[in-house]
Amino acid sequence: MKRKYEIAVLSKGAYARTVRLYVPQKADRAIIMHDGQNVFYDEDAAYKKSWRAIDALKAAGVKNTAIIGIDSVGATRNDDYLPFHTELDKYGLPLCGGKAEVYADYIQTIIIPYLDKRFGFKFYAMAGSSAGANMTAYYAAKRDPRLRAYAMFSAALFVSPQAYGKFLNETKFDPNALYAVYAGGSEQTGEVPDPEIIKQVPQLFVNDAFDITNALRASGATNITLDYNHNGVHDETCWRDPFKLFVKNFADL
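An account of the accompanying structure is given in this report. These numbers come from a predicted model, not from an experiment.

### Some remarks on the sheet that holds strand β4 (residues 65-70)
Taken together, eight strands build an open sheet; the order of strands is β1-β2-β4-β3-β5-β6-β7-β8 and the sheet is mixed. Among the strands making up the open sheet, the edge pair consists of β1 (6-12) and β8 (224-229). Going across the sheet, the axis of each strand differs from the next one's by a mean of 20°, ignoring polarity.

Here you go:
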């Protein structure tokens, strides 16, 4: 099938990522999304389920918003997206994370300046799921003035509970930004092999969504959408609907 986006490879030294760009002619703003290979088409997605982001724009009647997907690299994804080392090795999870600042710097100094120069966008949003939602929360804490909205779907803060607890308690998020938070009540992830924690995982995702929301409210934010789907599982099929609403709300800013 013919792809409706273009591809660029942007690098900073040895750090390089494939970037997928869908930019409508009238777009004056852009949503930066993690796991770019999962953003547009099911055929490209790692598990053959995508966000179907172009369909989301069309369904919401949005013409002023571009979608920028930054591909993840399987071997380094968790290191890219998790700002803190994982704390659940006792459950059989591999130790990883703690290198997200490199990825954040790549977005700040390479991705956004490239988009500014080429398209002249007025401002940006960021969206991610699972570890990508962790990364989005971490970037939101930077209060980059170029970003006006953040979507965090199925954040997995429970992989580093002490570090993220401290992070949420100490972070002053932008009270004027738009936020979308989502969790499903039937979420699981294939990365958790231990049966003891497998039973806890759905509630952990829900707890994390409420913890993020409470931290945003404590910072004075009021433009927050908290979405809970009792039957929601951990994949793009359940993130599509809350993403459509986020797209519409961001387009209306």
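### A few points about the pairing of strand β7 (residues 178-184)
Extensive coverage of β7 is indicated by the burial of seven of its seven residues. Taken together, the five bridges between strand β6 (residues 147-153) and β7 define a ladder with parallel strand orientation. By the bridge assignment, Phe 153 is partnered in β7 with Tyr 182. In this view, the connection linking β6 to its parallel neighbour β7 by way of helix α5 (residues 161-170) has right-handed handedness.

### Examining the nonpolar core
Counting residues in hydrophobic clusters, the biggest one holds 59 residues, and the most contacted among them are Ile 32, Tyr 106, Tyr 139, Tyr 150, Met 152, Tyr 179 and Leu 216. Aside from chain neighbours lying at most four places away, what touches Tyr 106 is Leu 10, Ser 11, Lys 12, Tyr 15, Ala 16, Arg 17, Val 19, Ile 70 and Ile 111. Tyr 22, Ala 53, Val 62 and Phe 153 belong to the second-largest nonpolar core, a separate cluster that totals 31 residues.

### What to know about the packing of helix α3 (residues 100-119) against helix α4 (residues 131-140)
Axis separation between α3 and α4 bottoms out at 11 Å; the angle between their running directions is 70°. By the angle between their directions, the pair α3 and α4 is classed as roughly perpendicular. For α3 against α4, the interelement crossing comes out right-handed. Together, Ala 100, Glu 101, Tyr 103, Ala 104, Ile 107, Gln 108 and Ile 112 of α3 and Met 135, Tyr 138 and Tyr 139 of α4 make up the contact between the two elements.

Conventions and cut-offs
Residues numbered from 1 in each chain as written. Predicted model: local features only at pLDDT ≥ 70, side-chain atom pairs only at ≥ 80, totals over all residues. Heavy atoms only, no water. Pairing = 2+ DSSP bridges. Helix = DSSP H or I, 4+ residues; strand = E, 2+ residues; numbered from the N terminus. Axes fitted to C-alpha atoms, helices over the stretch in contact; angles between N-to-C directions. Buried < 20%, exposed > 50% of the residue type's maximum accessible area, 1.4 Å probe, protein only. Right-handed = clockwise from strand over helix to strand, strands pointing away. Core = buried A, V, L, I, M, F, W, Y, C linked by side-chain atoms within 4.5 Å. Contact = heavy atoms within 4.5 Å. Parallel < 35°, antiparallel > 145°, perpendicular 65-115°, else oblique. Left-handed = near helix turned anticlockwise from the far one by under 90°.

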